[in-house]
Amino acid sequence: MASSPFTLRWGVIATGWISQQFVKDALLDPATRDVHDVRHVVAAVGSRNVESAKKFIEVYAKDDSSIKAYGTYEEVCADPDVDAVYIGTPHTFHYENARSALLNGKHVLCEKATTSNAAELRDLLKLAKEKNLFFMEALWTRFQPLTLEIKRIAEDGSLGLPVVLHADLSSDFDIENIPKTHRILDPRLGGGALLDLGPYPVAWAVIALYEHPKNNKARPTSVTGSIVKTPLTGVDSSTSITLTFSETLQAQAILSCNILVPSPTPAVTIRYQGGNILIHPPIFKPPSFTVQYFDKPGSGNIVREVTQKSNIPGGGWHYQIDEAVRCIRDGRIESEIWSHDKSLLLMDIFDAVRKQGGYELPEGVEKVR
Ligand SMILES: NC(=O)C1=CN([C@@H]2O[C@H](COP(=O)(O)OP(=O)(O)OC[C@H]3O[C@@H](n4cnc5c(N)ncnc54)[C@H](OP(=O)(O)O)[C@@H]3O)[C@@H](O)[C@H]2O)C=CC1
Ligand SMILES: O=C1OC[C@@H](O)[C@H](O)[C@H]1O
């Protein structure tokens with residue numbers, strides 16, 4: 001007889017959009033995705049306003065009376081019935097929320113961008129190691145079955161080595177008509193395209209280039225960035241990044257994100273010696289991808305095209321939640337799939353691009369520098 005699933009008790013910090021998606025997916029029956037070894041329980045929800053926490057439980061957790069509603073985030077972190085904390089606040093609060101969770105002995109799954117800067121993340125990772133606690137950035141795209149399939153094809157040798165990757169994530173946030181206090185516009189909340197949308201194009205560069213077996217996790221040899229700032233609040237409305245991998249691969253990633261217009265189709269193109277992989281938007285949860293094979297390396301003459309579509313239950317965030325729980329069950333402090341070095345690479349890239357683009361967060365926002 002199969003053993004019973006390992007059950008983890010989550011505490012949820014914040015009741016905004018992404019926390020709602022997190023709870024819906026965490027409470028989805030794992031059997032719908034053929035998962036039988038782990039199970040998720042929501043033990044507590046914290047909001048700046050206890051009424052929001054109660055309403056959240058009513059709407060997203062069937063008003064389950066066993067779930068505690070708190071009017072502060074600190075109470076979630078201190079609750080002895082919570083094993084791990086999920087952080088769904090705006091980027092610039094992640095550091096203090098994650099630190100509070102770790103100091104209270106809780107494992108952490110933290111939304112992207114993990115922190116305001118790389119120094120904050122290094123500080124958190126040091127603390128997690130000292131306390132032997134699990135910490136992971138919620139880079140959900142990396143765990144989706146379609147991504148795993150793209151990675152399998154990209155590394156099976158049939159396309160040869162990667163040469164150039166283009167990736168974009170953009171969306172019209174109607175910035176002229178939303179409040180300047182909206183998290184996408186407010187510099188105190190780390191507003192702008194880079195920290196909100198940038199993690200995804202950079203993640204595709206990590207998946208296809210940084211993780212490529214020939215690259216073997218060599219960091220890019222150069223990172224260049226350029227920023228257009230909106231006069232509305234000074235956050236970046238449009239950003240481009242070039243990453244060069246010349247130590248092991250001879251490859252480049254050309255990445256972009258903006259908060260003005262939608263992404264093109266395909267939104268990721270990975271060009272190999274022997275063909276292309278085209279990934280359709282949105283790149284955080286691609287609905288499909290197409291592989292084009294050339295008759296011979298470098299010819300550009302497409303002789304075969306294969307398209308695969310995604311068909312997953314729920315919202316697709318549950319795959320990363322399952323991974324976090326498996327790691328915690330197995331006593332690991334990081335996931336091998338989206339490991340600490342990758343989150344750090346992202347934050348180092350964002351720091352470099354913000355510096356080159358002249359986008360400074362307001363005084364006091366970065367808690368560690
Ligand atoms: N992985 C993914 O697919 C996605 C990830 N994200 C990430 O999640 C985070 C939150 O985004 P999202 O849920 O869309 O944002 P929302 O604005 O919908 O929610 C953020 C929540 O954070 C809390 N909060 C605490 N302090 C503040 C503050 N000063 N201003 C505003 N909210 C505050 C609030 O919860 P309360 O009132 O309960 O305290 C609020 O509801 C971001 O870091 C973003 O990058 C966002 C969307 C998708
Ligand atoms: O993670 C995200 O993915 C979808 C976007 O619309 C959102 O702003 C971002 O935070």
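Here the structure is a predicted model, which means the values were calculated and not measured.

*Asks:* Lay out the domain arrangement of the protein with the relevant residues and their values.
*Replies:* Its domain assignment divides the protein into domain 1 (6-141 + 317-338) and domain 2 (145-311 + 347-357). Each of domain 1 and domain 2 has a C-alpha centre, and these two points are 26 Å apart. With 19 residues of domain 1 at the interface, the matching set in domain 2 holds 22 residues. Summing both partners gives a buried area of about 1,700 Å² for domain 1 against domain 2, and 63% of it is carried by carbon and sulfur. Interface area lost by domain 1 to domain 2 is led by His 91, Trp 140 and Thr 141, which between them contribute 32%. Viewed at the interface, domain 2 and domain 1 are joined by two salt bridges. Our count for the domain 1 to domain 2 interface comes out at eight residue pairs in polar contact (both at pLDDT 80 or more). Top contributing element to the side of domain 1 that touches domain 2 by residue count: helix H5 (residues 118-130), with three residues. Each residue belonging to the side of domain 1 that touches domain 2 can be placed in one class, and the counts come to 10 nonpolar, seven polar and two charged.

*Asks:* I'd like a rundown of the site of ligand 2, residues and numbers included.
*Replies:* Around ligand 2 sit Lys 112, Phe 173, Arg 183, Asp 196, Tyr 200 and Phe 284, and that is every residue in its neighbourhood. Contact distances for ligand 2 include 2.6 Å between an oxygen atom and a side-chain N or O atom of Asp 196. In this structure, an oxygen atom belonging to ligand 2 sits 2.6 Å away from a side-chain N or O atom of Tyr 200. Here ligand 2, which alone exposes 270 Å², has 74% of that area covered by the protein. Most atoms of ligand 2, that is more than half of them, are within 2 Å of grid points of the largest pocket. Partitioning the shell around ligand 2 into residue classes produces three nonpolar, no polar and three charged.

Calculation rules
- Residues numbered from 1 in each chain as written.
- Chains lettered and ligands numbered in written order.
- Predicted model: local features only at pLDDT ≥ 70, side-chain atom pairs only at ≥ 80, totals over all residues.
- Heavy atoms only, no water.
- Domains from an automatic or database assignment.
- Contact = heavy atoms within 4.5 Å.
- Buried area = accessible area lost by both parts, 1.4 Å probe.
- Salt bridge = Lys/Arg side-chain N within 4 Å of Asp/Glu carboxyl O.
- Polar contact = N/O pair within 3.5 Å; in protein donor to acceptor, adjacent residues only side chain to side chain.
- Helix = DSSP H or I, 4+ residues; strand = E, 2+ residues; numbered from the N terminus.
- Nonpolar A, V, L, I, M, F, W, Y, C, P; charged D, E, K, R; others polar.
- Near = heavy atom within 4 Å.
- Areas by Shrake-Rupley, 256 points an atom, 1.4 Å probe, with all protein chains shown as cover.
- 1 Å grid on protein atoms, 1.4 Å probe; cavity = no way out; pocket = protein on both sides within 12 Å on 5 of 7 lines; lining within 4 Å.
- Sits in = over half its atoms within 2 Å of the grid points.

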